[in-house]
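Breakdown of the fold
One letter stands for each residue in the lines below.
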Amino acid sequence: MGNLDVRSLRPLLLGLFCFFLLGAAAPSVDLRTSFSRPARIPFPDESPYSPQKAALGKMLFFDARLSGTQNFSCATCHNPSFGWETPAERAIGAQGHELDRHTPTIENLAESEHFFWDGRVATLEQQALGPITHPQEMNSSMKQVLGRLNALSGYRRYFEIAFPQEGLTGDNVLAALATYQRTLRSGWSPFDDWIEGDEDAISPSAKRGFAIFTGVAQCSSCHMGWAFTDHEFHRVGILNGDIGRGFLDADMEYRFKTPGLRNIALRPPYMHDGSLTSLRNVVDHYRRGGSSSQSAPSDLHALETLTDGDAYDLVEFLETLTAYEPHVSAPALPVD
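Worth saying up front: this structure is predicted, and the values here are computed from it rather than measured.

What counts, and at which threshold
Residues numbered from 1 in each chain as written. Predicted model: local features only at pLDDT ≥ 70, side-chain atom pairs only at ≥ 80, totals over all residues. Heavy atoms only, no water. Axes fitted to C-alpha atoms, helices over the stretch in contact; angles between N-to-C directions. Helix = DSSP H or I, 4+ residues; strand = E, 2+ residues; numbered from the N terminus. Parallel < 35°, antiparallel > 145°, perpendicular 65-115°, else oblique. Left-handed = near helix turned anticlockwise from the far one by under 90°. Contact = heavy atoms within 4.5 Å. Salt bridge = Lys/Arg side-chain N within 4 Å of Asp/Glu carboxyl O. Buried < 20%, exposed > 50% of the residue type's maximum accessible area, 1.4 Å probe, protein only. Nonpolar A, V, L, I, M, F, W, Y, C, P; charged D, E, K, R; others polar. Polar contact = N/O pair within 3.5 Å; in protein donor to acceptor, adjacent residues only side chain to side chain.

Digging into the packing of helix α5 (residues 124–133) against helix α8 (residues 170–182)
For the pair α5 and α8, interaxial distance at closest approach is 8 Å and the crossing angle is 115 degrees. Classified by the angle their axes make, α5 and α8 are roughly perpendicular. The chirality of how α5 crosses α8 is right-handed. Across from Leu-124, Glu-125, Gln-127, Ala-128, Leu-129 and Ile-132 in α5, the residues of α8 making contact are Leu-174, Ala-175, Leu-177, Ala-178, Gln-181 and Arg-182.

Topic: the pattern of salt bridges
Applying the stated criterion across every chain, the model contains 19 salt bridges. Across the salt bridge formed by Arg-90 and Glu-89, the nearest N and O atoms sit 3.9 Å from each other. Sharing partners across several salt bridges, the network here consists of Arg-101, Asp-118, Arg-120 and Asp-242.

Thoughts on helix α3 (residues 51–61)
Of the positions making up α3, those classed as buried are Lys-53, Ala-54, Leu-56, Gly-57, Met-59, Leu-60 and Phe-61. Buried residues in α3 make contact with α4 (74–77), α6 (142–150), α7 (153–162) and α8.

A few points about the packing of helix α10 (residues 204–214) against helix α12 (residues 308–319)
Angle between the axes and distance between the axes: these two values describe a pair of packed helices. It is at 7 Å that the axes of α10 and α12 come closest, and there the two elements cross at 100 degrees. When the axis of α10 is compared with that of α12, the two are roughly perpendicular. Residue-level contacts link Ser-205, Ala-206, Arg-208, Gly-209, Phe-210, Ile-212 and Phe-213 of α10 to Asp-310, Tyr-312, Asp-313, Leu-314, Glu-316, Phe-317 and Leu-318 of α12. Classifying every residue of the contact of α10 with α12 gives 8 nonpolar, 2 polar and 4 charged.

A closer look at the environment of Arg-245
Following the sequence through the fold, Arg-245 ends up in the loop between β1 (233–235) and β2 (255–257). Classification of Arg-245 by relative accessible area gives buried; the value is 16%. Arg-245 sits 127 residues away from Asp-118 along the chain, and the two C-alpha atoms are 4.4 Å apart. There is a polar contact of 3.0 Å between the side chain of Arg-245 and the backbone oxygen of Gly-119.

Here it is as structure tokens:
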């Protein structure tokens, strides 16, 4: 039997302490601060931040000229109005093809080391390349993209400003897109006001939900930190035959990356297959311990003591993670 890392029990122990000793409406200050926002966004040394690079990346993200048929962009599937996801079970790609999985959010990913539901790439640059060149998604190629961008004097100029030593190259297209995506941080929410000390920022029901989330329900074992994700892979008992990370590693069958929960109320439907249509459906799925079977095992355990009232409080808490101003404006794009 391996050694038990006591640090892994900290969220649960703190939550239980809060729930049973302090009361559900008054979690400890220490527990709240474990969900505080970081002061800075991390950028890789090989691709540091610049406002010019991020602004160029935003243009590219919203530009349909990156797709083969020039009729949809990265933002078509990763729609900022829906928490950077698609409000459907599956997104629709090239030639009207329905994709295999629900669109994952690209918000709050600067700290992550794995991307896509199965974590098949290790950088945001690689993540940006995948949909552009996938025949069932944007169905383009970097050669085609570069040809279109080079034909526009505006893009040539912007690349010379953002990358003065190199200009417009395939690697710099991906670097600009990745830089912009690293800046996609969910906005300030009522929950942030509450953990900063404003006791009136969220309801008593939401406070009880937070105590349950960090305590008896053990949600924070995976949904931890300021973005509410450990960026790791878990089995959650979804019965659709998708083996997740098992396509890459046989020991990781049926494991999928933990999504962050910021702006989660904007992002139905839920799970990697879009099969759960509401946050209450998600909570009830976890209360049952997932839909575990031999064909789709689950790491979850049934939470038989959670009542319908507890489930209501959990949803109330999750809704406090919605930003006050989630709107993102589309940029002006070069036309010549």
